[in-house]
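The lines below spell out each chain.
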Amino acid sequence: MGWLFYTDGRVKSYADEKAEITRLCTFEGDTRKAELVKACKVGSTWYAAARVTNRDGTSVEDATYVTDPDGSITFGAVFLTAYDDGCWGYKNMEESAGSNESRAPLSLLALLSELRDPESYAQDWRQRCRDWASIPDYDEGDKIKLAKPVTLTDGSTCQIVTATHYRRGRQKRRCYRIEETGGLVRLSKATLAGSELLSSAKGAASPVLAEYLAGRE
């Protein structure tokens, strides 16, 4: 399925988006019905868990999912979203389609029914979501060894860094001090995958940033 954009301006806010995701995950046919269990937005992508039940109360039989004890199945869905010239649009896919976007929170994955095929695209998608969730969120002052050296824009590399921050106006933004040079660098969360905590130095202030700035005065 391709992208679908709404030109009537019905979706303008986070609340509008969530209401539309809820509507898209809700249906009732002659034999089955579905309802949204949970929806989470990460970046511009919505992740949803939708439960399917039979209207006559019998257990749902499905080739992809193992039926839950209450007779239902709950599947995961991914909604890519974007605004184009003020118009909101989405592209949706079920988890077994193998979406590249795989940052669904663990709380949502816990709601999904077990999969029959351990080698399925859905199983791979769930594992990639778990891998993303397992990337550490380091504290101020933590000294970190990256899984592999990162090449910077000037061609140099770094592998051991210390978590710190800088301020832009009222915003506090995470950055890292390079052990080898003392310079500061921004790193994406994906860069921290497989990293190792060498030492921890929690603190409300930013001693490493203070040291860095003192050296420039």
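Let us look at the structure shown here. Note that this is a predicted model, so its numbers are computed, not measured. (Residues numbered from 1 in each chain as written. Predicted model: local features only at pLDDT ≥ 70, side-chain atom pairs only at ≥ 80, totals over all residues. Heavy atoms only, no water.)

1. A few points about the side chain of Ser-99
Using the following cut-off: Strands here are runs of E lasting at least two residues and helices are runs of H or I lasting at least four, both read from the DSSP assignment and numbered beginning at the N terminus. Relative accessibility thresholds used throughout: buried, under 20% of the residue-type maximum; exposed, over 50%; partly exposed, between the two (1.4 Å probe, protein chains only). The contact criterion used is simple: two residues touch if any of their non-hydrogen atoms lie within 4.5 Å.
Locating Ser-99 in the fold gives a position in the loop between strand S6 (87–94) and helix H2 (106–109). According to the relative accessible area criterion, Ser-99 is buried, its value standing at 3%. If we ignore the near neighbours within four places in the chain, the residues touching Ser-99 are Val-78, Met-93, Trp-125 and Arg-128.

2. Quick look at the pattern of salt bridges
Spelled out, the test is: A pairing counts as a salt bridge when a side-chain nitrogen of Lys or Arg comes within 4 Å of a carboxyl oxygen of Asp or Glu.
Scanning the model with the defined rule gives 8 salt bridges in all. Across the salt bridge formed by Arg-10 and Asp-8, the nearest N and O atoms sit 2.9 Å from each other. In this structure, Glu-179 engages Lys-143 in a salt bridge whose closest nitrogen and oxygen atoms are separated by 3.5 Å. One end of the pair, Glu-179, is in the loop between strand S9 (171–178) and strand S10 (184–185); the other, Lys-143, is in strand S7 (residues 143–151), with 36 residues separating them in the sequence. Look at Glu-179 and you get partly exposed, because its relative accessible area is 34%.

3. Side note on the environment of Asn-54
Threshold: Within 3.5 Å is the distance limit for a polar contact, defined as a pair of N or O atoms, with the added protein rule that one can donate a hydrogen and the other accept it, and that residues adjacent in sequence qualify only through two side-chain atoms.
When you line up the elements, Asn-54 lands in strand S4 (residues 45–54). For the pair formed by Asn-54 and Ala-34, sequence separation is 20 residues and the distance between their alpha carbons is 8.9 Å. Here Asn-54 is in contact with Thr-31, Arg-32, Ser-59 and Val-60, once residues within four sequence places are set aside. A distance of 3.2 Å separates a polar atom in the side chain of Asn-54 from a polar atom in the side chain of Arg-32.

4. Focus on the packing of aromatic side chains
Applied cut-off: Pairing of aromatic rings covers Phe, Tyr and Trp, the last counted by its six-membered ring, and requires centre-to-centre distances within 6.5 Å; plane angles under 30 degrees mean stacked, over 60 mean edge-to-face, and any other angle means tilted.
In the structure shown here, the tally under the stated rule is 7 aromatic pairs. Residues Tyr-14 and Trp-46 carry aromatic rings whose centres are separated by 5.2 Å and whose planes lie at 35 degrees to one another, so their mutual orientation is tilted. You can see Tyr-14 sitting in helix H1 (residues 14–24) and its partner Trp-46 sitting in strand S4, a full 32 residues away along the chain. Since its relative accessible area comes to 0%, Trp-46 is described here as buried. Relative to Trp-125, the ring of Tyr-47 has its centre 6.3 Å away and its plane inclined at 35 degrees; by these criteria the two rings are tilted. Here the residue Tyr-47 occupies a position in strand S4, and Trp-125 occupies one in helix H3 (residues 121–133), the gap between them amounting to 78 residues.

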